[in-house]
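Architecture at a glance
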Amino acid sequence: MSDRHISEHFETLAIHAGNTADPLTGAVVPPIYQVSTYKQDGVGGLRGGYEYSRSANPTRTALEENLAALEGGRRGFAFASGLAAEDTLLRTLLSPGDHVVIPNDAYGGTFRLFAKVASRWGVEWSVADTSDPAAVRAAMTPRTKAVWVETPSNPLLGITDIAAVAQVAHAGGAKLVVDNTFATPYLQQPLALGADVVVHSLTKYMGGHSDVVGGALIVADEELGEEIGFHQNSMGGVAGPFDSWLVLRGTKTLAVRMDRHSENATKVADMLSRHPRVSSVLYPGLPEHPGHEVAAKQMRAFGGMISFRVTDGEEAAVAVCDRTQIFTLGESLGGVESLIEHPGRMTHASVAGSLLEVPSDLVRLSVGIENADDLVEDLKQALDK
């Protein structure tokens, strides 16, 4: 019986899928196979299918099986970083002259990959507001091979109706790629809504402890999976065994962590929405958020990411980032500890001057799993000084 069919319940899959007890010792945690090559049973006789750890490694296999099960996919692939996963996907799906629709709000590294790397390879791209399926349709051309979506988006927390945009993409002969990093498969499963590929930065919520860098691709189609597997092996940006083990440890507690992240973020967003020095709060859990109804339809909860704009401009936003005591000033997100940053000067500096440029008075929060009252009070004192 396949691990992914042990249970229909996410929490059980997260702990057991891919986590088969070690056949030699009975260890309940998969070993870290810190090995580069494997003894073969005669020429071409691969023991368990392993020959070289770029091609496959048992610890990485355990993680990839776990990821596939959690996203409801057939194949999962683990990479050395989220951008390594994205680059491999672009080379799998695209050829010079092809076109991609990218969102008007996206991670700065993703934009940089398209604008500074893929474009030199002859890949063209257009920007669209993916929260509007008609805008996506208008941005597509006969050469569009992929539509790229983040939902919730980074850093403006925009929401895209995955099922609606999947119909638009498929009608135009394109694949739909969904970056599910902010939501995680616990809160949202894009493949079930019509997406073709799910992308993750495993560095974030999947790892969950700010101690590993990794990326992933998950697909429902076996043929596409074979193509990605070929490119993963050919390009070689794979996750190492220890990194794979760390992420596999993280996914076991993903459900309980995401429940706490979402609960805390709701309390923080409620406070921010009433604070006189905050001009707007971007959190899909707020009823006034323009994507609230869609998010409520396709997500289990609204996650731990919040962005907000301050009333007194860029320098005031930077000052808030500098004054927090529990929220740590730093890039990245999704760890158990709360983080704060200024996207315009930090994670999204690469989009300055582009259609994806973010407001200068924007602050982004990754709300951790500390006591919610402490987080609220920390932000209050940072805003009130």
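Since this is a predicted model, take the numbers as computed values, not measurements.

It is worth spelling out the packing of aromatic side chains at this point. Summed over the entire model, instances satisfying the criterion amount to five aromatic pairs. Plain terms: the ring middles of Phe 242 and Trp 245 are 6.1 Å apart, the flat faces sit at 15 degrees to each other, and that makes the pair stacked. Here the residue Phe 242 and the residue Trp 245 both occupy positions in helix H9 (residues 241-252), the gap between them amounting to three residues, near one helical turn. Using a relative accessible area of 41% as the deciding quantity, one classes Phe 242 as partly exposed.

So, on to the sheet that holds strand E12 (residues 362-366). With mixed pairing, the five strands of this open sheet are ordered in space as E8-E9-E12-E11-E10. One side of each edge strand has no neighbouring strand; the edge strands of this open sheet are strand E8 (278-282) and strand E10 (328-329). Looking at chain direction, E8 and strand E9 (residues 305-310) are connected through four bridges and run antiparallel. Each residue of the ladder has a partner; that of Val 278, found in E9, is Val 310. Sheet strands in contact with helix H12 (residues 314-323) are E9, E10, strand E11 (339-341) and E12, and its direction is about 130 degrees off that of E9.

For a regular strand, the rule is simple: side chains alternate between the two faces of the sheet. The pairing of strand E2 (residues 99-103) with strand E3 (residues 124-128) spans five bridges and is parallel. The residue bridging Val 101 from the neighbouring strand is Ser 126, located in E3. In this fold, the crossover linking E2 to E3 by way of helix H4 (residues 108-117) has right-handed handedness.

Phe 10, Leu 63, Leu 67, Tyr 186, Leu 187, Leu 202 and Leu 254 are the most contacted members of the largest nonpolar core, which totals 39 residues. Sorting the residues of this core by element identifies helix H1 (10-16), helix H2 (58-71), helix H7 (184-187), strand E7 (215-219), H9 and helix H10 (254-273) as the ones contributing at least two each. The leading source of residues in this core is H2, at five residues. Apart from residues no more than four positions distant in its own chain, Phe 10 is found in contact with Leu 70, Pro 185, Tyr 186, Gln 189, Leu 254, Ala 255 and Arg 300. With 28 residues, the next largest nonpolar core counts Phe 79, Leu 89, Leu 93 and Phe 111 among its residues.

Once that is clear, we can look at the packing of helix H3 (residues 82-93) against helix H8 (residues 222-235). Where H3 contacts H8, the axes come no closer than 9 Å and their chain directions differ by 120 degrees. When the axis of H3 is compared with that of H8, the two are oblique. Where H3 crosses over H8, the two elements pack in a sense that is right-handed. Here Asp 87, Thr 88, Leu 89, Arg 91, Thr 92 and Leu 93 of H3 lie close against H8, whose contacting residues are Leu 224, Glu 227, Ile 228, His 231, Gln 232 and Met 235.

This part covers the side chain of Lys 204. In this structure, Lys 204 sits in the loop between strand E6 (197-201) and E7. This buried residue, Lys 204, is left without a salt bridge; Asp 179 holds the nearest opposite charge, at 8.2 Å. In contact with Lys 204, other than residues within four places in its own chain, are Thr 181, Ser 332, Leu 333 and Gly 334.

Moving on: H8. Here H8 contains 14 residues, and its C-alpha end-to-end distance of 20 Å stays within 8% of the 20 Å for a straight helix at 1.5 Å per residue. Listed as buried for H8 are Leu 224, Gly 225, Ile 228, Gly 229, His 231 and Gln 232. Contact partners of the buried residues in H8: H2, strand E1 (75-79), H3, E6 and E7. Remark: Gly 236 follows H8 within two positions and exhibits a positive phi of approximately 85 degrees.

Criteria and cut-off values
Residues numbered from 1 in each chain as written. Predicted model: local features only at pLDDT ≥ 70, side-chain atom pairs only at ≥ 80, totals over all residues. Heavy atoms only, no water. Phe/Tyr/Trp six-rings, centres within 6.5 Å; stacked < 30°, edge-to-face > 60°. Helix = DSSP H or I, 4+ residues; strand = E, 2+ residues; numbered from the N terminus. Buried < 20%, exposed > 50% of the residue type's maximum accessible area, 1.4 Å probe, protein only. Pairing = 2+ DSSP bridges. Contact = heavy atoms within 4.5 Å. Axes fitted to C-alpha atoms, helices over the stretch in contact; angles between N-to-C directions. Right-handed = clockwise from strand over helix to strand, strands pointing away. Core = buried A, V, L, I, M, F, W, Y, C linked by side-chain atoms within 4.5 Å. Parallel < 35°, antiparallel > 145°, perpendicular 65-115°, else oblique. Left-handed = near helix turned anticlockwise from the far one by under 90°. Lys, Arg positive; Asp, Glu negative; His and termini not counted. Salt bridge = Lys/Arg side-chain N within 4 Å of Asp/Glu carboxyl O. Expected span 1.5 Å × (residues − 1).

Without other data, these values stay purely geometric and don't point to any function.
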